[in-house]
Amino acid sequence: MSHPFELSLPVGGADHILGPSHAAVTVVEYGDFECPNCKQAAPAAKLLLSRFAGRVRFVYRHFPLEEVHPHALHAALAAEAAAGQGKFWPMHDLLFENQSHLKLPQLRRYAEHLELDMARYDAEMADELYLQRVREQIESGERSGVRGTPAFFVNGVIQDVSFGLQLLSRAVEGVLEQKHA
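Novice: Explain the overall build of the protein here, please?
Specialist: Within the protein, the secondary structure is distributed over seven helices and five strands. If you list the helices and strands of the protein from N to C, you get β-β-α-β-α-α-α-α-α-β-β-α. The C-alpha radius of gyration computed for the protein amounts to 16 Å, which stays within 12% of the reference 16 Å derived for 181 residues, consistent with globular compactness. In terms of its C-alpha atoms, the protein occupies a principal-axis envelope of roughly 55 × 30 × 30 Å. Counting all 181 residues of the protein, 49% fall into the buried class. Taking as baseline every contact in the protein between residues at least 6 positions apart, the subset at least 24 positions apart corresponds to 76%.

Novice: Is there a simple way to think about the packing of helix H1 (residues 36-51) against helix H3 (residues 88-97) in this case?
Specialist: Relative orientation and spacing of two packed helices are given, respectively, by the angle between their axes and the distance between those axes. Between H1 and H3, the shortest axis-to-axis distance is 9 Å and the interhelical angle comes to 140°. Looking at the two axes, H1 sits oblique to H3. Between H1 and H3 lies a crossing of left-handed hand. Residues Cys 38, Lys 39, Ala 42 and Lys 46 of H1 form the contact with H3, whose participating residues are His 92, Asp 93, Phe 96 and Glu 97.

Novice: In this structure, what is going on with the sheet that holds strand S3 (residues 56-62)? I would like to understand it.
Specialist: Strand pairing in a sheet relies on backbone hydrogen bonds, with the paired strands running either antiparallel or parallel. Strand order across the open sheet formed by five strands is S1-S3-S2-S4-S5, with mixed pairing between neighbours. This sheet does not close on itself; its edge strands, each paired only once, are strand S1 (16-18) and strand S5 (157-159). Ignoring strand direction, the axes of neighbouring strands in this sheet form an average angle of 25°. Where strand S4 (residues 151-154) lies against S5, three bridges are found, and the strand directions are antiparallel. The residue bridging Phe 153 from the neighbouring strand is Ile 158, located in S5. Together, S1 and S3 form the strand contacts of H3, whose direction differs from that of S3 by roughly 65°.

Conventions we followed
- Residues numbered from 1 in each chain as written.
- Predicted model: local features only at pLDDT ≥ 70, side-chain atom pairs only at ≥ 80, totals over all residues.
- Heavy atoms only, no water.
- Helix = DSSP H or I, 4+ residues; strand = E, 2+ residues; numbered from the N terminus.
- Rg over C-alpha atoms; globule rule 2.2 N^0.38 Å.
- Buried < 20%, exposed > 50% of the residue type's maximum accessible area, 1.4 Å probe, protein only.
- Contact = heavy atoms within 4.5 Å.
- Axes fitted to C-alpha atoms, helices over the stretch in contact; angles between N-to-C directions.
- Parallel < 35°, antiparallel > 145°, perpendicular 65-115°, else oblique.
- Left-handed = near helix turned anticlockwise from the far one by under 90°.
- Pairing = 2+ DSSP bridges.

Here it is as structure tokens:
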């Protein structure tokens, strides 16, 4: 039984990861493509990767809040369909850039824009092929204490970013300082 507010599911091969596997700090975000705060947080993740290059890796996991965001689940499924063709991060960025346009026909246009195999994309979306993966990520978030999005974990410990994302950067700095102490 994991301690509440600690990451219940270790980062693994099925995760979407930016940055080196040997990084001293792992930041995991549970996010929702229709969440305005997640959209604001997306550039913060890229800033962390550039500011602490080689020392941080970033992981994105799905946590669509379906009762509040009616298009978030399909957006997550579209991102997974893109991931199946090696284009998770480009789709991730497109979904946040076009956050107010996440209906199925729009998601399909983003897939076309990324030059995905559309027959495969259409079949995977129709079959909800990645629904189980998304549900497993939601469940792992719930077991880890996630109640809303975005939720960030730094080396497995949840971070309160309600007072601003600079707290995330400070948490990463703190872990790196401890490792060099």
